[in-house]
Amino acid sequence: MNPRRVSKPIKIGQVTVGGGAPIVVQSMTKTDTRDVRSTINQIKELEDCDCELVRLAVPDTQAAQAIQAIKRGVSLPIIADIHFDYRLALMALDAGVDGLRLNPGNIRESEKVKAVVQAAKGRGIPIRIGVNAGSLPKPADPELSIARQMVEAALKQIKLLESLDFDLIKVSLKAFDVPTTIAAYQDIAQKIPYPLHIGITEAGTPKRGIIRSAVGIGNLLYQGIGDTIRVSLTAHPREEVIAGYEILKSLNLRQHGPILVSCPTCGRAEVDIVKLAEAVEEELLKINRPIKVAVMGCVVNGPGEAKDADVGIACGKGKAILFKKGEKIGVVEEKDFLSVLMAEVEKF
Ligand code: SF4
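All values reported here derive from a predicted model rather than from experimental measurement.

Neighbouring residues of the ligand: Cys263, Pro264, Thr265, Cys266, Arg268, Ala269, Gly297, Cys298, Asn301 and Glu305. By residue class, the composition of the shell around the ligand is 5 nonpolar, 3 polar and 2 charged.

Per the stated rule, a full pass over the model turns up 0 aromatic pairs. Across from the ring centre of Phe176, 3.8 Å away, lies the NZ or CZ of Arg212, which sits over that ring.

Here we come to the sheet that holds strand β3 (residues 24–28). The 8 strands are arranged β8-β7-β6-β5-β4-β3-β10-β9 in an open sheet whose pairing can be described as parallel. Edge strands, defined here as strands with exactly one partner in the open sheet, are β8 (169–174) and β9 (197–198). Pairing between strand β5 (residues 78–82) and strand β6 (residues 99–102): 4 bridges, direction parallel. Paired with Asp81 across the bridge in β6 is Arg101. In the packing of helix α1 (residues 36–48) onto the sheet, the strands contacted are β3, β4 (53–57) and β5, and the crossing angle to β4 comes to about 155 degrees.

What follows concerns empty space enclosed by the protein. Within the structure shown, the criterion is met by 1 cavity of 30 Å³ or more. Looking at the largest cavity, its volume works out to about 30 Å³. What lines the largest cavity is simply Ile12, Ile79, Gly99, Leu100, Pro126, Ile127, Arg128 and Lys170. Those elements giving two or more residues to the lining of the largest cavity turn out to be β6 and β7 (127–132).

This brings us to the packing of helix α5 (residues 146–163) against helix α6 (residues 178–189). In contact at an axis separation of 8 Å, α5 and α6 are set at 40 degrees when each is read in the N-to-C sense. Classified by the angle between their axes, α5 and α6 sit oblique to one another. Where α5 crosses over α6, the two elements pack in a sense that is right-handed. Touching Ile146, Ala147, Arg148, Met150, Val151, Ala154 and Leu155 of α5 are Thr180, Ala183, Ala184, Asp187 and Ile188, all from α6. Per-class residue counts for the contact of α5 with α6 are 9 nonpolar, 1 polar and 2 charged.

Here we take up the pattern of salt bridges. Opposite charge on two side chains makes pairing possible when the charged atoms of those side chains draw close. For the structure on display, the rule yields 27 salt bridges. Linking Glu52 and Arg254 is a salt bridge whose minimum nitrogen-to-oxygen distance equals 2.8 Å. Of this pair, Glu52 sits in the loop between α1 and β4 while Arg254 sits in the loop between α8 (237–250) and β11 (259–262), and the two are 202 residues apart along the sequence. For the residue pair Glu52 and Arg254, the accessibility class agrees, reading buried in each case. In this structure, Glu109 and Lys112 form a salt bridge, with 3.5 Å as the shortest nitrogen-oxygen distance. Since its relative accessible area comes to 44%, Glu109 is described here as partly exposed. The network of salt bridges with common partners includes Arg148, Glu152, Asp187 and Lys191.

Looking now at the sheet that holds strand β14 (residues 319–324). Spatially, 5 strands are ordered β11-β12-β13-β14-β15 in an open sheet, and the strand pairing comes out mixed. Edge positions in the sheet fall to β11 and β15 (327–333), since each of these pairs with one other strand and no more. Direction aside, the axes of adjacent strands within the sheet are offset by 20 degrees on average. The pairing of β14 with β15 spans 6 bridges and is antiparallel.

Quick look at the state of the cysteines now. If you walk through the whole model with that rule in mind, you get 0 disulfides. The structure places no disulfide on Cys51, whose sulfur is separated from the nearest cysteine sulfur, that of Cys49, by 6.3 Å.

Along the chain, the position of Phe337 falls in helix α11 (residues 337–347). Classification of Phe337 as buried rests on a relative accessible area of 4%. Spatially, the C-alpha atom of Phe337 lies 18 Å from that of Ile287, the residues being 50 residues apart in sequence. Setting aside residues up to four positions removed in sequence, Phe337 forms contacts with Val271, Leu276, Ile313, Cys315, Gly316, Gly318, Lys319, Ala320 and Val332.

How each quantity is defined
Residues numbered from 1 in each chain as written. Predicted model: local features only at pLDDT ≥ 70, side-chain atom pairs only at ≥ 80, totals over all residues. Heavy atoms only, no water. Near = heavy atom within 4 Å. Nonpolar A, V, L, I, M, F, W, Y, C, P; charged D, E, K, R; others polar. Phe/Tyr/Trp six-rings, centres within 6.5 Å; stacked < 30°, edge-to-face > 60°. Lys NZ or Arg CZ within 6 Å of the ring centre and 35° of its normal. Pairing = 2+ DSSP bridges. Helix = DSSP H or I, 4+ residues; strand = E, 2+ residues; numbered from the N terminus. Contact = heavy atoms within 4.5 Å. Axes fitted to C-alpha atoms, helices over the stretch in contact; angles between N-to-C directions. 1 Å grid on protein atoms, 1.4 Å probe; cavity = no way out; pocket = protein on both sides within 12 Å on 5 of 7 lines; lining within 4 Å. Points joined across faces, edges and corners; volume = space filled by probe spheres on them. Parallel < 35°, antiparallel > 145°, perpendicular 65-115°, else oblique. Left-handed = near helix turned anticlockwise from the far one by under 90°. Salt bridge = Lys/Arg side-chain N within 4 Å of Asp/Glu carboxyl O. Buried < 20%, exposed > 50% of the residue type's maximum accessible area, 1.4 Å probe, protein only. Disulfide = S-S within 2.5 Å.

Written as structure tokens, this is what we have:
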């Protein structure tokens, strides 16, 4: 795995993005921002699953006005997502947002961008230049690949911000197509010093979207690229946060709660391992500590194959071996598989 790309840190509220800080997991609310109560409730749900930054859509004046009340009800830093109307960005800044996202594809006049940048600069609020393959500005050269067009759009906007002596910048270049997204980030990572927000846009429902996101985000992270991630899913935003942490955990980039190791089961298993692993997974959701727990389908191969697990169970007919770091510590009756394993997890 490549060492992480060095980027210039920025602060969104109390959260540092870039500069070697832990990779930040973020999400976006799916409520109507004008509905303050529902939006606060959803942000609280995100706080409960350790989301670190949250973005809100600000499609109109009422939504911009709602930000102030929403901010009062939550503790997560809030980023306003602005498209088309720069005045909404100014209002969001007045309402006290911690960050802005602007899409250079739909706020094109430099005078308007300048007005937003000046207001953000006065308050020390960072701006994400959020380029999206689906809403690109007209390219100077239509022959350019989509990845290059995305990079060009971002560079043009960065130049404008820099000309105003503004450097609280974060950049994203998202496409649905994974190779396009990867190519765009690889390119820009070498050209700018700013932190990168990475993700695959409109990735889909959890079943497929998590795979698409894991392949794209995972590949970039492996190359050392990326300072904050958002997994975009057609689902409750909690799913995005859980998936985000799983991606980071699978590359050992962050620790977050337990890791479940479970064997795929095969003809050697004499117990319903799918059912047991699902039950263990459910129980582990209640635990916040990092711990590696194994559920294995046979006594012969189980303990050895999962020897780096902190606690594990290897099941045989009617009985199972309980093990720690591959060493047997006890024998369990089938009716107690779940309870004994979880008691050991609690003790760990
Ligand atoms: S641990 Fe045992 S049951 Fe599970 S896949 Fe391996 S050999 Fe099969």
